[in-house]
Amino acid sequence: MDKLVIEGGIKLKGTAKVSGSKNSALPILAATLLTDEACIIRNVPNLRDTLTMLKILRTLGKSVEFDKGVVTIIQSRESGFTADYKLVSTMRASFCVLGPLLGKLKKAKVSLPGGCIIGVRPVDLHLKGFKALGADISVESGYVIATARKLKGAHMYLGGIYGSSVLATDNVVMAAVLAPGKTVIESAACEPEVADLTNFLIKMGARIKGVGTPILEIEGVEKLHGVEYSIIPDRIETGTFLVAGLITGGDIVIKDGYYQHLGAVIDKLQEAGAYIERFDNSLRIKSKSKLHPVNVTTLPYPGFPTDMQAQMMSLMCITKGISVITEKIYPDRFMHVAELNRMGAYIQREGPHAIVEGVKSLSGAPVMASDLRASACLVLAGLVAKGVTSVSRIYHLERGYEGLESKLQKLGAKIWREKEKI
Ligand code: UD1
C-alpha cells in the first residue's frame with residue numbers, strides 16, 4: 001500500500017489540467033448497457049472507480065477498451081443481468097447499472113451496495129422510481145431483483161429527506177428512457193453530472209425535456225443507438241485545485257474547469273478572500289488579502305457541494321476567526337475532523353455542524369484518509385502545514401483524482417509517493 005508524503009509551505013504556481021468528471025463517467029458508462037451498438041466515450045478519467053465500472057460492463061456482456069481517456073464499448077456476447085456483490089460493494093455507483101438493465105432487459109439482479117464511511121446511504125428513492133415504472137422489486141440474499149413484463153411511463157416525486165438524489169435520478173431516468181409513454185420525475189437532481197447523463201441519453205436517441213432542472217419529462221422511445229460523447233470536466237477536482245491555490249497563497253490557472261458548475265464554491269472562496277478570474281474553459285485563483293472565515297452549508301446543486309465540504313474545512317483551519325460548516329447531505333461526513341485536529345487544527349463537532357476556530361498554522365503529521373474527499377482535504381492541509389505530512393490509505397484518493405500528485409508536483413508542490421511500512 002502507498003502513502004503520500006508532503007512537505008508543506010510552498011506557494012503553488014502554474015497551470016493544472018482538470019480530468020473528466022468521475023460522477024458523470026460512471027452513470028454514462030452504465031448507460032451504454034441501453035444499446036447493443038458501439039459507444040465511444042471520451043475524456044474518461046483513469047480512476048479506480050471508472051475501472052471498476054468497466055469490469056462490471058465486461059461481466060454484463062460488453063467488450064471494453066480504455067486508451068488515453070477514450071473508452072470504446074461494444075457488445076461482445078449476450079447481455080448478462082447480474083451485477084455481483086464483489087464489484088458493487090467496492091463502489092456504490094455500480095448500483096446505477098440497475099436502471100439500464102431493467103430498462104433494456106426488463107430484469108436485473110444487482111447487489112445492494114451497503115453503507116459506507118460517510119453514512120448509511122439508502123437506495124429507497126431508486127426503488128420507489130423503479131416501482132412507479134411498473135417493476136416488481138424484491139430483496140433476496142443482499143441482491144435487489146427487479147423484473148417487469150413491461151415498464152410504463154409514470155409520474156413520480158423523487159425527493160427524500162435530504163432533498164434530491166443524484167444516482168436515484170440517474171438510475172430511474174435510465175430505466176424510463178425505453179418505457180412506453182410519458183415519465184415525469186419531480187424533484188430530480190440538478191447536478192451537472194445528471195445533466196451530462198441526460199445529454200448523453202438524448203444523443204443516443206432518448207427524448208428528455210427539462211435537462212438540468214428539477215422536473216424531467218421523458219417520452220419513452222423504442223430503441224437507443226450507439227454514440228460518441230465527451231464527458232464534462234470534474235467540478236470537484238476543479239474546486240479542490242481552487243482551494244489548493246488559495247490555501248498555499250499561490251497563483252494558479254485551472255485548465256478545463258467550468259466556472260459555470262462551481263457558483264457556490266467560487267462565491268465562498270471569494271468571501272474567504274480569493275481573487276478569481278473566469279475564462280471560457282479555465283479559472284485563475286490567487287489570494288488577494290488575508291483569509292476571512294466563512295460559514296458553509298452543503299446543499300444539493302446549485303448549493304455548496306458536499307463533495308467540497310472537507311476541502312473547505314482545511315482552508316478554514318488556517319483562517320483566523322470562527323467558521324461554521326454545516327453538512328446537510330450526509331450529517332456524519334466528518335471523519336476528517338479528527339485527522340485535521342491531529343495536525344493542530346481546532347475543530348469541534350456538534351451534530352451536523354463543525355465549528356472551526358482558525359489556527360495560525362498546521363503542523364505536519366502522519367494522518368489517515370477515511371474516504372475520497374477526506375483524503376483530498378488532508379493533502380490540502382499537508383500542502384500548507386509546517387513540516388512533513390504523510391497521508392496513508394491513499395487508495396481512497398485514487399478512486400476520484402487522476403494523477404493528483406503529478407498535477408500538484410507540476411504546480412511546484414513537494415509531494416511524493418512512498419511504500420507504506422506495515
Ligand atoms: C452522488 C455522488 C457523490 C455525492 C452525492 C451528493 C456519484 C457517483 N456520487 O452520490 O459523490 O457526494 O451524490 O451530491 O455521483 N438518499 C436517500 N435515499 C436514496 C438515495 C439517497 O435517502 O435512495 C439520501 C442520501 O443518503 C443522501 C442524499 O439522499 O443523504 C443525497 O444522496 P445522493 O444524491 O443519492 O448521493 P449519491 O447519488 O449516492
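None of the values given here were measured: they were computed from a predicted structure. (Residues numbered from 1 in each chain as written. Predicted model: local features only at pLDDT ≥ 70, side-chain atom pairs only at ≥ 80, totals over all residues. Heavy atoms only, no water.)

**Description of the sheet that holds strand 9 (residues 143–147)**
Inclusion rule: For two strands to be treated as a pair, DSSP must find at least two bridges joining them. Think of it this way: any DSSP run of H or I at least four residues long counts as a helix, any run of E at least two long counts as a strand, and we number them from the N terminus. The contact rule is simple, with two residues in contact once any of their heavy atoms fall within 4.5 Å. Each axis is a line fitted through C-alpha atoms, taken for helices only over the stretch in contact, and angles between the N-to-C directions span 0 to 180 degrees.
Pairing within the open sheet is mixed, and its four strands lie in the order 6-7-9-8. The open sheet has two free edges, formed respectively by strand 6 (82–83) and strand 8 (136–140), since each of these has just one partner strand. Sheet topology note: the strand 6/strand 7 (residues 107–111) ladder contains two bridges and is parallel. Of the residues in strand 7, the one forming a bridge with A83 is V110. Packed onto the sheet, helix 4 (residues 98–105) meets strand 7 and strand 9 and runs at close to 160 degrees relative to strand 7.

**Structural notes on helix 1 (residues 22–31)**
What counts is decided by this rule: Relative accessibility thresholds used throughout: buried, under 20% of the residue-type maximum; exposed, over 50%; partly exposed, between the two (1.4 Å probe, protein chains only). Side-chain atoms alone can form a polar contact between residues adjacent in sequence; in general such a contact is a pair of N or O atoms within 3.5 Å, and within protein one must be able to donate a hydrogen while the other accepts it.
In terms of residue burial, helix 1 counts as a mostly covered element, since nine of its 10 residues are buried. Residues of helix 1 that are buried include every one of K22, S24, A25, L26, P27, I28, L29, A30 and A31, and no others. Where helix 1 begins, the side chain of S21 points an oxygen toward the backbone nitrogen of N23, at a separation of 3.3 Å.

**What about the environment of K62?**
Relative to the assigned elements, K62 resides in strand 4 (residues 62–67). Looking at K62, the relative accessible area reads 3%, which means it is buried. Along the primary structure K62 and R77 are separated by 15 residues, whereas in three dimensions their C-alpha atoms are 6.9 Å apart. With residues near it in sequence (within four places) discarded, K62 still touches T32, L33, T35, D36, L57, I73, I74, Q75 and S76. A distance of 2.7 Å separates a polar side-chain atom of K62 from the backbone oxygen of T35.

**Let's talk about the site of the ligand**
Rule in force here: Summary of the distance rule: residues count as near a molecule or strand when at least one heavy atom falls within 4 Å of that molecule or strand. Each accessible area is a Shrake-Rupley result for a 1.4 Å probe, and residues are judged covered by the shown protein chains and nothing else. Put simply, Ala, Val, Leu, Ile, Met, Phe, Trp, Tyr, Cys and Pro go in the nonpolar bin, Asp, Glu, Lys and Arg in the charged bin, and everything else, Gly too, in the polar bin. As annotated, the domain borders come from an automatic or database domain assignment.
Neighbouring the ligand are 19 residues, the closest being D124, L125, S165, D307 and I329. A distance of 2.5 Å separates an oxygen atom of the ligand from a polar side-chain atom of S165. V166 places a polar main-chain atom, nitrogen or oxygen, 2.8 Å from an oxygen atom of the ligand. Burial of the ligand by the surrounding chains reaches 91%, relative to a free accessible area of 740 Å². In terms of residues, the shell around the ligand owes the most to one element, helix 5 (residues 124–132), which gives three residues. Residue composition of the shell around the ligand, by class: nine nonpolar, five polar and five charged. For the shell around the ligand, the domains that each give at least three residues are domain 1 (2–19 + 233–419) and domain 2 (22–230).

**Examining the domain arrangement of the protein chain**
Often, the extent of an interface is quoted as the loss of accessible area on bringing the components together. Threshold: Salt bridge, as applied in this entry: a Lys or Arg side-chain nitrogen positioned within 4 Å of an Asp or Glu carboxyl oxygen.
Looking at the assigned domains, one finds that the protein chain contains domain 1 (2–19 + 233–419) and domain 2 (22–230). Averaged C-alpha coordinates put domain 1 and domain 2 at centres separated by 30 Å. Each partner contributes to the interface: domain 1 provides 25 residues, whereas domain 2 provides 18 residues. Summed over the shared surface of domain 1 and domain 2, the number is two salt bridges. For the side of domain 1 that touches domain 2, the secondary structure elements donating two or more residues are helix 12 (372–384) and helix 13 (395–398). The residue inventory of the side of domain 1 that touches domain 2, partitioned by class, reads 10 nonpolar, four polar and 11 charged.

**Things to note about the packing of helix 6 (residues 166–176) against helix 7 (residues 192–203)**
Note the cut-off: Angles below 35 degrees are treated as roughly parallel, those above 145 as roughly antiparallel, those between 65 and 115 as roughly perpendicular, and all remaining angles as oblique.
Axis separation between helix 6 and helix 7 bottoms out at 10 Å; the angle between their running directions is 10 degrees. Between helix 6 and helix 7, the interaxial angle falls into the category roughly parallel. Contacts between helix 6 and helix 7 involve V166, T169, D170, V173 and M174 on the former and, on the latter, V194, L197, T198 and L201. Here the residues of the contact of helix 6 with helix 7 are counted per class, giving six nonpolar, two polar and one charged.

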